[in-house]
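Summary of structural features
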Amino acid sequence: MTRVLSVASECVPLVKTGGLADVTGALPAALAPYGVDMRVLLPAYPAVLAALENGREVMAEDGLFGGRGTVRAGRASGLQVFALDAPHLFDRGGNPYMAANGQDWPDNPERFAALGWMAARLAVEGAEGWMPQVLHLHDWQAGLAAVYLRQMRSARRVGTVFTVHNIAFSGSVPADRLAALRLDNTDYNLEGFEFYGRISTLKAGLVFSDRITTVSPTYARELMTPAFGMGLDGVMRARAAHVTGILNGVDEAVWNPAADPVIPSYRGPKGKARSRAALIETMALDPDASGPLCVVVSRLSAQKGLDLLLEALPALLDRGGQLALLGSGDPMLEAAFLTAAEHPRVAVRIGYDEALSHRMIAGGDAILVPSRFEPCGLTQLYGLRYGTVPLVALTGGLADTVIHANSAALAVGVATGIQFHPITAAALAEALADLCRLYADRPTWERIRKRAMAHPVGWQGSAAAYAALFADVS
Ligand code: ADP
């Protein structure tokens, strides 16, 4: 058994803003068969505290960045959780990072420093006799744990693995907060966590962890290039020998076309037709349209390339296709999609809706993911599993999980979707035209769908890779 403490700011089903939560929530169960005992340290947001059963206080600290903090151990939604209960930091509305008005909490550096600090203490001291052998740190929110562990100079060796889910968020803090964040200034330099005159908690994790992983092999390579590294490509190159890309999987109990817990009506090929008809009705789309029904479930941000989709949309609509989009985020994109929805074959729902996301992925013919960069991406994996053919940009995890329907792949029968490159509106328009052509050729389309559904998207392979890595650093 390797004992691993996973340190994260979000975790399904307790609290989620994106794919990070899906991964931290799925890993403990996925890793258990591989001899990993993984527990999760989370901030005790109201939803986490409410779900905690049999919570015991296992660690406390007065004056934890402005108030008392206690770590409570217990079970929550089937997970073994350590909840960092520090009401002055985490007892708030909004989401983990921002207030309801969309503004970042000004004390985010202290909030996640507190998480990292208690992670390091748990690594050194353990809790109720449970002594972690590895800290698994996720993104900038957990990066400082690697520095604190180093500062604590414990005689007990604890391995560290830092996972990059998205390098675009660097956890940047003004340098005058060094002391306030309990950071020694000896590591505030180019070789440490200094990044262009500021503290970067992401860089701290990258520099001071034993190993780095990211969520797909292609993204691991991309991160070493200026185009994708967001200024940290040099750091990534310097650590190349310790970087691995391990693909995310999907939770096959939650995303299960044979027994979807959200939409029980979905079953095999007939289920697709039923779900499609139901989605068309819900979204008030056209049941007689000749082209494919394309769906999008996404944050609306520049990363996701949905402005390109707005531009390329005529290529789909002119060929009788339809679009159903569920998403929220950038107000300009929300407004632009609502305007696009004036077309009778475009339907848009602004918001976050787990149940509707299942209905859309089950009911669509194709799922569109035109991201400018995409560390792994999950919705194309859901699409594969539900026979909803992915049309994706050729980048990151999208490159690793879809087999492009070029003539060779079609001839051999291995194609599972469509990829486009360069990531421009013109290339996306061409890909949408290709999609419509393939959709019109029913036998070919059905072959692609079948192949897509057979593509493995679970955790098995990746869980084995994580387990081997943890064993290696423990
Ligand atoms: P990211 O983490 O960059 O947002 P991913 O594809 O890795 O992208 O993960 C996004 C996750 O959030 C998926 O599980 C997706 O289904 C879900 N999601 C995104 N937007 C919505 C929404 N509006 N409603 C419901 N689920 C959503």
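For the structure itself, look to the data block above.
Calculation notes
- Residues numbered from 1 in each chain as written.
- Predicted model: local features only at pLDDT ≥ 70, side-chain atom pairs only at ≥ 80, totals over all residues.
- Heavy atoms only, no water.
- Axes fitted to C-alpha atoms, helices over the stretch in contact; angles between N-to-C directions.
- Helix = DSSP H or I, 4+ residues; strand = E, 2+ residues; numbered from the N terminus.
- Left-handed = near helix turned anticlockwise from the far one by under 90°.
- Contact = heavy atoms within 4.5 Å.
- Core = buried A, V, L, I, M, F, W, Y, C linked by side-chain atoms within 4.5 Å.
- Buried < 20%, exposed > 50% of the residue type's maximum accessible area, 1.4 Å probe, protein only.
- Pairing = 2+ DSSP bridges.
- Parallel < 35°, antiparallel > 145°, perpendicular 65-115°, else oblique.
- Nonpolar A, V, L, I, M, F, W, Y, C, P; charged D, E, K, R; others polar.
- Near = heavy atom within 4 Å.
- Polar contact = N/O pair within 3.5 Å; in protein donor to acceptor, adjacent residues only side chain to side chain.
- Areas by Shrake-Rupley, 256 points an atom, 1.4 Å probe, with all protein chains shown as cover.
- Arc of directions from axis to C-beta.

This part takes up the packing of helix α12 (residues 306-317) against helix α18 (residues 425-440). Running from N to C, α12 and α18 point in directions that differ by 35 degrees, and their axes come no closer than 8 Å. α12 and α18 meet at a crossing whose hand is right-handed. From α12, Leu-308, Leu-309, Glu-311, Ala-312, Ala-315 and Leu-316 reach across to α18, where they touch Ala-425, Leu-428, Ala-429, Leu-432 and Cys-436.

In terms of nonpolar packing, the biggest core is built from 76 residues, with Phe-82 and Leu-206 touching the most fellow members. Sort the elements by how many residues they give to this core and helix α4 (residues 108-125) lands first, with 10 residues. Those residues in contact with Phe-82, other than ones at most four positions away along the chain, are Leu-5, Arg-39, Val-40, Leu-41, Leu-42, Val-58, Val-71, Arg-72, Ala-73, Leu-122, Ala-127 and Trp-130. Within the second largest apolar cluster, 44 residues are counted, among which are Ala-312, Leu-368, Ile-423 and Ile-448.

Before going further, it helps to spend a moment on the pairing of strand β6 (residues 134-138). Regular strands place side chains that alternate from one sheet face to the opposite one. Of all 5 residues in β6, 5 are buried; the element is thus mostly enclosed. Burial along β6 is two-sided: Val-134, His-136 and His-138 and Leu-135 and Leu-137, pointing in opposite directions, are all buried. Direction of pairing for strand β1 (residues 2-7) relative to β6: parallel, over a ladder of 4 bridges. Directly across from Val-4, in β6, lies its bridge partner Val-134. Bridge count for β6 against strand β7 (residues 159-164) is 5 bridges, and the pairing is parallel. Note on β7: the bridge partner recorded for His-136 is Val-161.

Glancing now at the packing of helix α6 (residues 144-152) against helix α7 (residues 201-208). The geometry of a pair of packed helices is captured by two quantities: the angle between their axes and the separation between those axes. Axis separation between α6 and α7 bottoms out at 7 Å; the angle between their running directions is 55 degrees. Between α6 and α7, the angle falls in the class oblique. On α7, the residues that touch Leu-144, Ala-146, Val-147 and Arg-150 of α6 are Thr-201, Ala-204 and Phe-208. Within the contact of α6 with α7, the residues separate by chemical class into 5 nonpolar, 1 polar and 1 charged.

Turning our eyes to something else, we now look at the sheet that holds strand β3 (residues 53-61). Across the sheet, 9 strands lie side by side as β3-β4-β5-β2-β1-β6-β7-β11-β12; this open sheet has mixed pairing. The sheet is open, and its two edges are formed by β3 and β12 (243-245), each paired on a single side. On average, each strand axis in the sheet is inclined to that of its neighbour by 25 degrees, with strand direction left out of account. Across the face of the sheet, α4 comes into contact with β1, β2 (36-43), β3, β4 (69-76), β5 (79-85) and β6 while running at roughly 95 degrees to β3.

This next bit is on the site of the ligand. Looking at the ligand, there are 18 residues lining it, with Gly-19, Arg-299, Lys-304, Gly-351 and Tyr-382 nearest. At 2.8 Å, a side-chain N or O of Lys-304 approaches an oxygen atom of the ligand. Here Tyr-382 contributes a side-chain N or O atom positioned 2.7 Å from an oxygen atom of the ligand. Considered on its own, the ligand offers 560 Å² of accessible surface; in the complex 92% of this is hidden by protein. Elements with a contribution of two residues or more to the shell around the ligand: α1 (19-31), β13 (293-300), β14 (322-329) and α15 (379-385). Taken together, the residues that form the shell around the ligand break down as 5 nonpolar, 8 polar and 5 charged.

Another aspect to go through is the sheet that holds strand β16 (residues 366-369). Across the sheet, which stays open at both edges, the 6 strands sit in the order β15-β14-β13-β16-β17-β18 with parallel pairing between neighbours. Edge strands, defined here as strands with exactly one partner in the open sheet, are β15 (346-350) and β18 (418-420). Strand-to-strand twist of the sheet, defined as the mean angle between neighbouring strand axes without regard to direction, takes the value 20 degrees. Across 3 bridges, strand β17 (residues 389-393) lies against β18 in parallel orientation. Each bridged residue has a counterpart across the sheet, and for Leu-391 the counterpart in β18 is Ile-418. Packing of α18 onto the sheet brings it into contact with β13, β16, β17 and β18, and relative to β18 it is tilted by some 165 degrees.

Topologically, Glu-110 is positioned in helix α4. Separated by 26 residues in sequence, Glu-110 and Leu-84 place their C-alpha atoms 13 Å apart. Contacts of Glu-110, omitting those with residues within four sequence positions, involve Phe-65, Leu-89, Arg-177 and Leu-181.

Looking only at helix α13 (residues 331-340), the buried set comprises Leu-333, Phe-337 and Ala-340. For α13, the buried positions fall inside an angular range of 55 degrees around the axis, keeping them on one side. In α13, those exposed residues whose orientation departs by more than 90 degrees from the buried face are Pro-331 and Met-332. Buried-residue contacts for α13 involve β13, α12, β14 and β15. Structurally, the start of α13 carries an N-cap: the backbone nitrogen of Met-332 is 2.9 Å from a side-chain oxygen of Asp-330.

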